[in-house]
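# Understanding the architecture of this molecule
Given next are the chains, with one letter for each unit.
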Amino acid sequence: RMPEAVAEIDPTGEPLDTEIVFDLLERALVRVVAWRLVERTAAVLRYHVPISWATWGDEVDVSLDGSTVVVRSRSRAPFQLVDWGKNRRNVETVRAAIARLAPELRRAEPAPRAFDR
């Protein structure tokens, strides 16, 4: 099994708008890490983390499930057996960015749709 770290983060306790969360998180992460955004869909932000002394590079996925931000970091190299805590640190980097964004995320809750009223 390849090394992996996963976290579920609920910054507001309320459903969040995926597009707004992804926009905010994308801007926040570009300021603090040298990760490369390789994919952005309606369901996921996917980053590639450069090679370091601890890994041959990692892949970090961020997705949204209602009010929960799910962060998964795993080694990109199939032969990587140990990551020396690097995937956990990747997840903690995203967790810290979300904590800094929490006030903005509270304002980013989705507007009610016509059939919700």
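These remarks concern the structure in this document. Worth saying up front: this structure is predicted, and the values here are computed from it rather than measured.

Calculation notes
Positions within a chain are numbered from 1, following the residues in the order the chain's sequence is written. This being a predicted model, a pLDDT of at least 70 is required before a residue's local features are given, and a value of 80 or more before pairs of side-chain atoms are given or counted; all residues contribute to the totals for chains, interfaces and linings. To get the side-chain values, take all heavy atoms of the structure and skip hydrogens and water. When a carboxyl oxygen of Asp or Glu is within 4 Å of a side-chain nitrogen of Lys or Arg, the pair counts as a salt bridge. The secondary structure listing takes helices from DSSP runs of H or I that are at least 4 residues long and strands from runs of E that are at least 2 residues long, numbered from the N terminus. The rule is simple: take the accessible area with a 1.4 Å probe, protein chains only, and divide by the maximum for that residue type; under 20% is buried, over 50% is exposed, in between is partly exposed. What is meant by a nonpolar core is a set of buried Ala, Val, Leu, Ile, Met, Phe, Trp, Tyr and Cys residues, joined one to another through side-chain atoms within 4.5 Å. The contact rule is simple, with two residues in contact once any of their heavy atoms fall within 4.5 Å. A pair of strands is treated as paired once DSSP finds two or more bridges between them.

### Points about the pattern of salt bridges
This model, assessed by the stated rule, comprises ten salt bridges. Between Glu-26 and Arg-40 there is a salt bridge, with its nearest N and O atoms 2.7 Å apart. Of this pair, Glu-26 sits in helix H1 (residues 18–32) while Arg-40 is found in strand S2 (residues 36–40), placing the two residues 14 residues apart along the sequence. Judged by its relative accessible area of 34%, Arg-40 is partly exposed. With its nearest N and O atoms 2.9 Å apart, the salt bridge here joins Glu-39 to Arg-46.

### Thoughts on the nonpolar core
The biggest cluster of nonpolar side chains holds 26 residues, and the ones touching the most others in it are Leu-25, Leu-29, Trp-35, Val-60, Val-62, Val-69 and Val-94. Among the elements of the structure, strand S1 (4–9), H1, strand S3 (44–49), strand S4 (58–65), strand S5 (68–75) and helix H2 (86–107) are those that each provide at least two residues to this core. Trp-35 has contacts with Leu-29, Tyr-47, His-48, Val-49, Pro-50, Val-60, Asn-90, Thr-93 and Val-94, leaving out every residue within four places of it along the chain.

### Focus: the pairing of S3
Along any regular strand the residues' side chains alternate between the sheet's two faces. Here S3 lies mainly inside the structure; five of its six residues are buried. Strand direction decides the pairing type here: S2 and S3, joined by four bridges, are antiparallel. Bridge pairing in S3 links Leu-37 to Tyr-47. Counting the residues between successive antiparallel strands, the hairpin from S2 to S3 contains three residues. Two strands pair when backbone bridges link them, and S3 and S4 are joined in this way by six bridges, in the antiparallel orientation. The residue bridging Arg-46 from the neighbouring strand is Asp-61, located in S4.

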